[in-house]
Amino acid sequence: MLNYKNSSRNAEDIVFEETFDYNELELTFRNIQSIIGSYSDFVYRNINIVNDKKLEAYMVYIDGMVGTQLVSDYVLKPLMQADVFAKCSSEADVISIIEQGTVYYSNAKKRTNINDVLNDVLTGSAAVIFDKHRIAFTFETKGFDKRPVSEPISENVIKGAKDAFNETIRSNTATCRRKIKSPNLAIEETIVGKQSKTPIAICYMKNIVDDSLVQEVKRRVNDISVAHAITASFIEEFIIDNKNSPFPQIMYTERPDRFCANLLEGRIGLIIDGLPVAFIAPGTLLQFVQAPEDYSQHYLISSLIRYVRFTSMFVTLLLPAFYISITTFHQEMIPTELTFSIVASKVGVPFPMFVEVLLMLIAFELLVEAGLRLPQTIGQTVSIVGALVVGQAAVEAKLLSPATVIIVATTAITSFTMPNQDLSNALRLWRFLLAIASSIIGMYGLTMGLFLLINQWCRMDSFNVPYLSPFIGDEKLQLQDSLFRFPLSTMKNRPESLKTKNKQRMK
Amino acid sequence: MKRFFSLCILSIFMLTFAGCSQLVRSRTEIDRIFNTRIVAIDSTDDNKILYTIVTKTAMTDTAGQGGGSAASDVLVSNGATVFEAARKMGEYAHRKPHYGHTEFIIFGEDTAREGILPYLDFISRNQEFRYNAKIYIIQGHTANDFITKVNEAKIFLADRLSLMEDNSYAISISDKVTLAEALFIFGKENIATFLPVIAIAPSKPGELPSQGPYDMAMKGYAIFKEDKLVEFLDEDMSRGVNWVKNRMRSAVILVDAPDKKKVSLEIAQSKTTIKPFIDENGLQCTISINFSTNLSETMSEEELFTIESFDYLKKQQEKQVKQNVEKVIHYALEKDMDIFGLLSPFIIKYPMMKDELREKWRELFPEIKFNVEVDSKINRTYLITESVNTK
């Protein structure tokens, strides 16, 4: 008979706190069967060691999670056929022999607690339970299907590694180990999600990273109390400092080389089981504008491209607001001939400039959203329809002026140059706010909005590292890798703001 | 807090959308403003001010229908002051006048003779005007008359003026003077100045200016004593002013070859330095002009590409420049008008005498002894060393 602990508690408590706490139950096959139930993917099997009916044991595993071939060859076969078991007269002898490693599976654990057995089974182990002795052995025979290592999708580089993270944590940590062959690479695992039991690997370089940063990351990860951590936000939102800021505060990457490079800088990485991306903390604004390609090209080319990217960031943020300001409040700022071109394009358009820009921005957002939701083949159709309908037809129908279309198109194109989608999304939000501010009081509104934005950036910290580092902060400026990418030989030290143990990157 | 946010959102929508445009009075859509390119100011016989503004017609360029239609919109009004006249345009203007793009401010000859400083007060106070707007004087006509007659041309008047300005470097008989420069000089006592002149010209050679259709032409400088027009300079003297003021960009110097056929020399570079000094003989001023020319054309049949021939040409060009400069210096001394702004170089060199120089400048200026030094060289002869006329 099952006795649920604290069964008088309400359902919510049970879901979030008590689901796996069966300490009061004895480790027996019946109890496990009662807890799990008779779901179709659970396999229960009664086995007799070497066909001796006196030597009874039970096997439990989840179909699909374990490799059945592994279970048959390396667990069941020795138990059924190994001569050493023929001499056993009792289950205690069997247990003793298994403990000595006769079942030659590399990862076998002896369990005496029912919770541990359940955890192991749910994470892909096969359990052999000896009821009379309340002992079980779990063999890690994970054999579920996993996506092979493939090319990165959103961070592709021409001259660089082509491998990307996949959804399997062990595969990802192994990839990191392959890239950093150092005993100082620490990979500590913790479980997050009361229901999902998602393993999270906290990776860092022991000899480089600031210990207090490690403690802080661990504390925040361990403090996460959620039912599941299946999507990225369930981790990200709980560990960042400024939860109300739309700007990303920890970086994500699908590239192991980028991940490892950041670990070697003195940052901390988080690999989450089930996600093909890894997180890097702390994150600064500069990191989100840097692209992996920057370090695989000549420094002059990289510097130029990075500068263009920085410019694009401000163009995508400010252009619509600036356009509204100068066409509605400060017409004298526009070059004379351009003024007449804009006026000529605006003739016959019934909407004020702000409404025009707002309509176009909303239409652009709709197109982006529709393109994301639809399958790739139909997505292209949406783009064509959007360009034709919104761009051409609306201009011909005098609903929008061509100049506005060009402005919003430029805004859209520059937004696509952002290497980090989270940053791009935050800029999208602020773009609307600045457009509204500038439509009220022109350039003053724009300036005030920009002031608020910079104020927000200045106030933000990510794990005690200033968000605008290295542009602000009391440490000496390290601008070799900021607006421009200087030759690697000039970047002798690691970022000061990370307070690394070993500050020197190269001699 | 909830109420505060609701209020904020409500305010944003109220201020943003067009229904409440009166809340933000400075907001004007770009297609609803009259982008003034030219401001023309005249005084009338009844002591009023005739105020004319010109802009480009919006549809002209983009619709591709500019061919036969007028390229500009003109608004005219009058009032006792420039400001009143400008405001009275609101009586019938279809768009709000905006002066942020005003590139040219023009005055009629009669108005200029009465003095233009009172009319510049409104312009200098209005925050929309740019200080790099250029000032022109219309010779023989009112500014309004000029706009009415010349604006018939298919090309927009301000564009035409702008192009003329750009091309005027080739003859250097005129140069632009900005509003900032004019206000600076008109505000000073004892200093005369010059403003560029535009004249109405017949559009076909040989026709009289009164016959039309009309065109326009740059006509050197008008000389001002304080803010009042005194006289128009001819081309030689206007170029002389440019030499002294170091405003010479390029021009053609015509000289004679040894066979008395014409040779065209193009001024390529020039630099003028003014060296004032005071000794027992009084105030003296050395004007050193250094320039180089290119041989652009020869109608001579003789071989010119010899050291002797070049020396011969060089002496002629120096003589011509010296004559131009001395002519305008003579004119300035005779009229007692410091159109070269020489007071400043003297003050810079002798700062301790600043007050005395300022006080007595009117008497001192005619006594200045000028020494004009001209040095030149013919730099480039290009690859063609023989004229096609050479036999």
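How each quantity is defined
The residue numbering used here restarts from 1 in each chain and proceeds along that chain's sequence as written. Labels follow written order: the first chain is A, the first ligand is 1, and so on. Thresholds applied to this predicted model are a pLDDT of at least 70 for local features of residues and 80 or more for the giving and counting of side-chain atom pairs; totals over whole chains, interfaces and linings are not thresholded and use all residues. Side-chain calculation: all heavy atoms of the structure are included, whereas hydrogens and water are not. We count a stretch as a helix when DSSP gives it H or I for four or more residues in a row; a strand needs E for two or more, and each element gets its number in order from the N terminus. Accessible area is worked out with a 1.4 Å probe on protein chains only. A residue is then buried under 20% of its type maximum, exposed over 50%, and partly exposed in between. Reported accessibility uses the Shrake-Rupley method at a 1.4 Å probe radius. Residues are deemed covered only where the shown protein chains occlude them. Put simply, the radius of gyration uses C-alpha atoms, and a globule should come to 2.2 Å times the residue count raised to 0.38. We call two residues in contact whenever any of their non-hydrogen atoms come within 4.5 Å of each other. pLDDT is defined as a per-residue confidence score from the predictor, taking values between 0 and 100. Here, expected helix span is obtained from the residue count minus one, scaled by 1.5 Å. The salt bridge definition used is simple: a Lys or Arg side-chain nitrogen within 4 Å of an Asp or Glu carboxyl oxygen. In short, DSSP must find at least two bridges between two strands for them to pair. Between N-to-C directions, angles cover 0 to 180 degrees, with each direction set by a line fitted to C-alpha atoms, over the stretch in contact for helices. Under the rule applied, a polar contact is a pair of N or O atoms within 3.5 Å (in protein, one hydrogen donor and one hydrogen acceptor; residues adjacent in sequence only if both atoms are side-chain atoms). To sort the angles, those under 35 degrees are grouped as roughly parallel, those over 145 as roughly antiparallel, those from 65 to 115 as roughly perpendicular, and the leftovers as oblique. The handedness criterion is simple: a crossing whose near helix is rotated anticlockwise from the far helix by less than a right angle is left-handed, and one whose near helix is rotated clockwise is right-handed. When residue character is reported, Ala, Val, Leu, Ile, Met, Phe, Trp, Tyr, Cys and Pro are called nonpolar, Asp, Glu, Lys and Arg charged, and the others, Gly included, polar. An automatic or database domain assignment is the source of the domain bounds shown. Throughout, buried area stands for the accessible area (probe radius 1.4 Å) lost by two parts on being put together, summed over both. Cavities and pockets were defined on a 1 Å grid built from protein atoms only: a cavity is a group of points that admits a 1.4 Å probe but offers it no way out, a pocket is an open group of points flanked by protein on both sides within 12 Å along at least five of seven lines, and a lining residue is one with an atom within 4 Å of any such point. Grid points are joined across faces, edges and corners, and a volume is the space filled by probe spheres set on the points.

A closer look at the overall build of chain B
The helix and strand inventory of chain B stands at 12 helices and 14 strands. Counting every position in chain B, which comprises 391 residues, the buried fraction comes to 47%. Within the structure as shown, chain B displays about 19800 Å² of accessible surface, and the carbon and sulfur contribution to it stands at 53%.

Here we look at the overall build of chain A
A count of helical and extended segments in chain A gives 17 helices and 12 strands. For 507 residues, the compact-globule estimate of 2.2 N^0.38 gives 23 Å, and the C-alpha radius of gyration of chain A, at 30 Å, exceeds that figure by more than 25%. Dimensions of chain A, computed from C-alpha atoms along their principal axes, come out at roughly 100 × 55 × 45 Å. Residue burial in chain A is summarised as follows: out of 507 residues, 50% are buried. Restricting to contacts in chain A with at least 6 residues of sequence separation, those with at least 24 account for 64%. Carbon and sulfur atoms provide 58% of the accessible area of chain A, an area that totals close to 24100 Å².

Comments concerning the confidence of the model for chain A
Looking at chain A as a whole, its pLDDT mean stands at 85, while 94% of the residues score no less than 70. Note that pLDDT drops below 50 for residues 1–18 of chain A; the model gives that stretch 19 contacts with residues more than four away or on any other chain.

A word on helix H16 (residues 402–415) of chain A
Residues and elements named next belong to chain A. Across its 14 residues, H16 extends 20 Å between first and last C-alpha, which sits within 8% of the 20 Å expected from 1.5 Å per residue. Taken as a whole, H16 has its buried residues at Ala 403, Thr 404, Val 405, Ile 407, Val 408, Thr 411, Ala 412, Thr 414 and Ser 415. Residues of H16 that are buried sit in contact with helix H12 (299–328), helix H13 (336–346), helix H14 (353–373), helix H15 (376–396) and helix H17 (421–459).

Section: the pattern of salt bridges
Under the criterion given, the structure shown has 50 salt bridges over all chains. Taking the shortest distance from any N to any O, the salt bridge between A:Lys110 and A:Glu99 comes out at 2.3 Å. On the criterion of sequence distance, the pair formed by A:Lys110 in strand S3 (residues 108–111) and A:Glu99 in helix H5 (residues 91–99) is long-range, its members being 11 residues apart. Classification of A:Glu99 by relative accessible area gives partly exposed; the value is 44%. The salt bridge involving B:Lys134 is made with B:Glu103; its shortest N-O contact spans 3.5 Å. Note that B:Lys134 is positioned in strand S7 (residues 134–139) and B:Glu103 in the loop between strand S5 (96–98) and strand S6 (104–108), a separation of 31 residues in sequence.

Section: the sheet that holds strand S3 (residues 49–56) of chain B
All names here are of chain B. With mixed pairing, eight strands are arranged side by side in an open sheet as S4-S3-S2-S6-S7-S8-S9-S10. A strand with exactly one partner marks an edge of an open sheet, and here the two such strands are strand S4 (72–79) and strand S10 (228–232). With strand direction ignored, the average angle separating the axes of adjacent strands in the sheet is 30°. By the bridge criterion, 10 bridges tie strand S8 (residues 192–202) to strand S9 (residues 214–225) in an arrangement that is antiparallel. In the strand pairing of S9, Leu 195 is matched with Ala 222.

So, the environment of B:Tyr136
All names here are of chain B. Assignment of secondary structure puts Tyr 136 in strand S7. Residue classification places Tyr 136 among the buried residues on the basis of a relative accessible area of 1%. Separated by 59 residues in the primary sequence, Tyr 136 and Leu 195 place their C-alpha atoms 6.3 Å from one another. Every residue in contact with Tyr 136, bar those within four places of it in the chain, is listed here: Phe 104, Ile 105, Ile 106, Phe 107, Glu 165, Lys 176, Pro 196, Ile 198 and Met 218. For Tyr 136, the side chain forms a polar contact with the side chain of Glu 165, separated by 2.7 Å.

Brief notes about the packing of H12(A) against H17(A)
Residues and elements named next belong to chain A. It is at 9 Å that the axes of H12 and H17 come closest, and there the two elements cross at 20°. On the basis of the axis angle, H12 is roughly parallel to H17. In the crossing of H12 with H17, the sense of the turn from one axis to the other is right-handed. Within the contact of H12 with H17, the residues separate by chemical class into 18 nonpolar, five polar and one charged.

Remarks on the domain arrangement of chain A
Split into domains, chain A comes out as domain 1 (11–140), domain 2 (169–283) and domain 3 (297–465). Using C-alpha coordinates to define each centre, domain 1 of chain A is positioned 61 Å away from domain 3 of chain A.

Remarks on the domain arrangement of chain B
All names here are of chain B. Domain boundaries in chain B define domain 1 (19–232) and domain 2 (234–391). Every contact between the two is made by 25 residues of domain 1 and, on the other side, 22 residues of domain 2. For the pair domain 1 and domain 2, the summed buried surface comes to about 2100 Å²; carbon and sulfur atoms form 49% of the total. The largest per-residue losses of area from domain 1 upon contact with domain 2 belong to Ser 172, Asn 190 and Phe 194, which jointly make up 27% of the total buried on that side. Linking domain 1 with domain 2 are five salt bridges. For Arg 249, the salt bridge goes to Asp 175, with nearest N and O atoms at 3.7 Å. Counting across the domain 1 and domain 2 interface gives 12 residue pairs in polar contact (both at pLDDT 80 or more). When residues of the side of domain 1 that touches domain 2 are traced back to their parent elements, those giving at least two are S8, S9 and S10. Among the elements that make up the side of domain 1 that touches domain 2, the one with the highest residue count is S9 (four residues). A breakdown of the residues in the side of domain 1 that touches domain 2 according to their chemical character gives 12 nonpolar, six polar and seven charged.

What about the side chain of A:Gln249?
Residues and elements named next belong to chain A. Considering the arrangement of structural elements, one finds Gln 249 in the loop between helix H9 (233–239) and strand S8 (251–253). Accessibility expressed as a relative area gives 1% for Gln 249, which makes it buried. In terms of polar contacts, Gln 249 uses its side chain to reach the backbone amide nitrogen of Asp 241, at 3.4 Å. Ignoring sequence-local partners within four residues, the contact set of Gln 249 consists of Ile 240, Asp 241, Asn 242, Pro 282, Gly 283, Phe 288, Met 460, Asp 461, Ser 462 and Tyr 467.

Considerations on empty space enclosed by the protein
All names here are of chain B. Throughout the structure, instances matching the rule amount to four cavities of 30 Å³ or more. Considered as a void within the structure, the largest cavity measures approximately 80 Å³ in volume. Contributing to the lining of the largest cavity are Asn 190, Ile 191, Ala 192, Lys 225, Glu 226, Asp 336, Met 337, Asp 338, Trp 361, Arg 362 and Phe 365. Considered class by class, the residues forming the lining of the largest cavity number five nonpolar, one polar and five charged. When we break the lining of the largest cavity down by domain, the ones giving at least three residues each are domain 1 (19–232) and domain 2 (234–391).

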